[in-house]
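Observations on the model geometry
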Amino acid sequence: MVSYVRSVFLRYVGICVCVSFCLLLLFGSLPGATDTCKCDDEQRDRDLQHEQFHKSFRVLEHGSDRKRLAIIVPFRDRFDELLQFAPHMAAFLSKQGVPFHIFVVNQNDRYRFNRASLINVGFLQVRDGYDYFAMHDVDLLPLNDNLRYEYPEHGPLHISGPEYHPKYHYAAFIGGILLLRMDHFAQLNGMSNRYWGWGLEDDEFYVRIKEAGLEVTRPKNVSTGTADTFRHVHDRVHRRRDTTKCFNQREVTRKRDRETGLSTIAYSLHSRRELTIDGVPVTVLNVDLQCDKQRTPWCECEPKVDTPSVKVAKKKAT
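The structure contained in this document is the topic of the report that follows. Keep in mind it's a predicted model, so treat the numbers as computed, not measured. (Residues numbered from 1 in each chain as written. Predicted model: local features only at pLDDT ≥ 70, side-chain atom pairs only at ≥ 80, totals over all residues. Heavy atoms only, no water.)

**Things to note about the overall build of the protein**
Rules: Strands here are runs of E lasting at least two residues and helices are runs of H or I lasting at least four, both read from the DSSP assignment and numbered beginning at the N terminus. Burial classes: relative accessible area under 20% of the type maximum marks a residue as buried, over 50% as exposed, and values in between as partly exposed (1.4 Å probe, protein chains only). Note on definitions: a residue-residue contact is assigned when non-hydrogen atoms from the two residues lie within 4.5 Å. Exposure was quantified through the Shrake-Rupley algorithm and a 1.4 Å probe, taking into account, for residues, occlusion by the shown protein chains and nothing else.
Counting its secondary structure elements, the protein contains eight helices and nine strands. Taken across its 318 residues, the protein has 43% of its residues classed as buried. Here the contacts in the protein between residues at least 6 apart in sequence split such that 79% fall between residues at least 24 apart. Element-wise, carbon and sulfur atoms account for 54% of the exposed surface of the protein, whose accessible area totals about 18,100 Å².

**Some thoughts on the state of the cysteines**
Stated precisely, the cut-off is as follows: When the sulfur atoms of two cysteines come within 2.5 Å, that pair is taken as a disulfide.
Inspection of every chain in the model, using the stated rule, returns two disulfides. With its sulfur 2.1 Å from that of its partner, Cys-291 forms a disulfide with Cys-299. Handedness here is read from the sign of the S-S torsion; for Cys-291 and Cys-299, about -90°, the answer is left-handed. The pair Cys-291 / Cys-299 is uniform in exposure class, with both members buried. The cystine pairing of the protein, numbering bonded cysteines in sequence order, is 1-4, 2-3.

**As for the packing of aromatic side chains**
In this description, an aromatic ring pair is defined by two values, namely the gap between the centres and the angle between the planes. Note the following rule: Side-chain rings of Phe, Tyr and Trp, where Trp is taken by its six-membered ring, are said to pair if the distance between their centres is within 6.5 Å; with planes under 30 degrees apart they count as stacked, over 60 as edge-to-face, and otherwise as tilted.
What the rule picks out here adds up to ten aromatic pairs. Their ring planes at 55° and their centres at 5.8 Å tell us that Phe-185 and Phe-205 sit as a pair that is tilted. Placement of Phe-185 in helix H5 (residues 182-187) and of Phe-205 in helix H6 (residues 201-211) is noted, with a sequence separation of 20 residues between them. The pair Phe-185 / Phe-205 is uniform in exposure class, with both members buried.

**Things to note about the nonpolar core**
Note the threshold: Buried Ala, Val, Leu, Ile, Met, Phe, Trp, Tyr and Cys residues that are joined via side-chain atoms within 4.5 Å together make up what is termed a nonpolar core.
Phe-133, Met-135, Leu-180, Phe-185, Phe-205 and Ile-209 are the most contacted members of the largest nonpolar core, which totals 37 residues. Of all the secondary-structure elements, those providing two or more residues to this core are strand S1 (69-75), strand S2 (100-107), helix H4 (115-126), strand S3 (132-136), strand S6 (177-181), H5, H6 and strand S9 (280-289). A per-element tally of this core places H4 first, with six residues. Once residues lying within four places of it in the same chain are set aside, the contact partners of Met-135 are Ile-72, Ile-119, Gly-176, Ile-177, Leu-178, Leu-180, Phe-185, Met-191 and Phe-205. Formed by 34 residues, the second largest nonpolar core is a distinct cluster that contains Phe-85, Val-98, Val-104 and Val-282.

By themselves, these observations are geometric and do not establish any function.
In structure tokens:
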């Protein structure tokens with residue numbers, strides 16, 4: 001009797017083991033079973049990398065042992081380019097160990113775009129919290145690690161020199177990316193506020209720098225050239241430059257401006273927004289510029305388009 005019970009018990013245990021093994025094989029082969037575990041592992045890896053990146057980024061942003069850089073981006077309607085700019089600059093500058101923060105100065109009013117005035121506003125908003133700043137175009141991304149965003153001790157540091165910039169190659173060019181100490185920019189009274197529309201504000205600023213006796217320096221040991229030092233993401237067809245000249249704009253903006261700058265900038269801060277782009281902190285300053293139409297009526301230019309009534313008038317005249 002005992003042997004019979006033992007036999008039944010062993011047989012039962014054997015059946016249970018076989019059934020368990022079969023069920024294990026069955027569930028293991030179901031679609032998505034092992035994939036789910038793999039995806040969870042990959043997600044954990046991504047989360048860990050994400051956490052490590054932001055930990056190092058916070059150290060850079062709030063580090064006190066190095067000079068702090070404010071990146072000032074004059075801005076309007078370039079959100080798709082900003083989505084590329086913020087993570088690219090974070091990765092690029094983290095390799096250099098530069099503590100920085102990005103400030104997007106967005107022109108909220110409906111006047112023509114005024115890059116120089118937006119830079120003046122950005123400077124006034126950040127100068128008490130940072131040691132130096134970069135006036136930085138949103139569509140110009142540095143690629144060569146020898147482009148060092150270091151503290152410009154002796155004078156303006158022009159990162160995007162004419163021998164490296166994809167488009168502009170004249171010797172006096174200082175556009176694109178220019179780094180300055182706060183006290184040097186204040187000494188120059190900032191940039192002219194007369195430049196509504198595209199172009200020439202950098203050339204006028206170069207004259208200010210030379211007259212002040214400051215020397216513009218550029219990165220050294222850069223072996224790349226105009227094709228591979230930067231990535232220029234500007235779409236000329238999608239975003240045509242506002243090159244219209246109206247009233248006496250052409251005549252006035254060809255001259256050195258000794259009247260306007262930091263001391264005369266007129267604006268209001270509409271709002272301030274804090275956001276993150278791929279985890280990179282970005283401060284957006286929405287700014288309303290003011291225009292003295294007696295001095296710069298070209299802040300509003302009528303587009304040069306032949307309307308039907310104009311066409312009729314021309315036809316009658318001929």
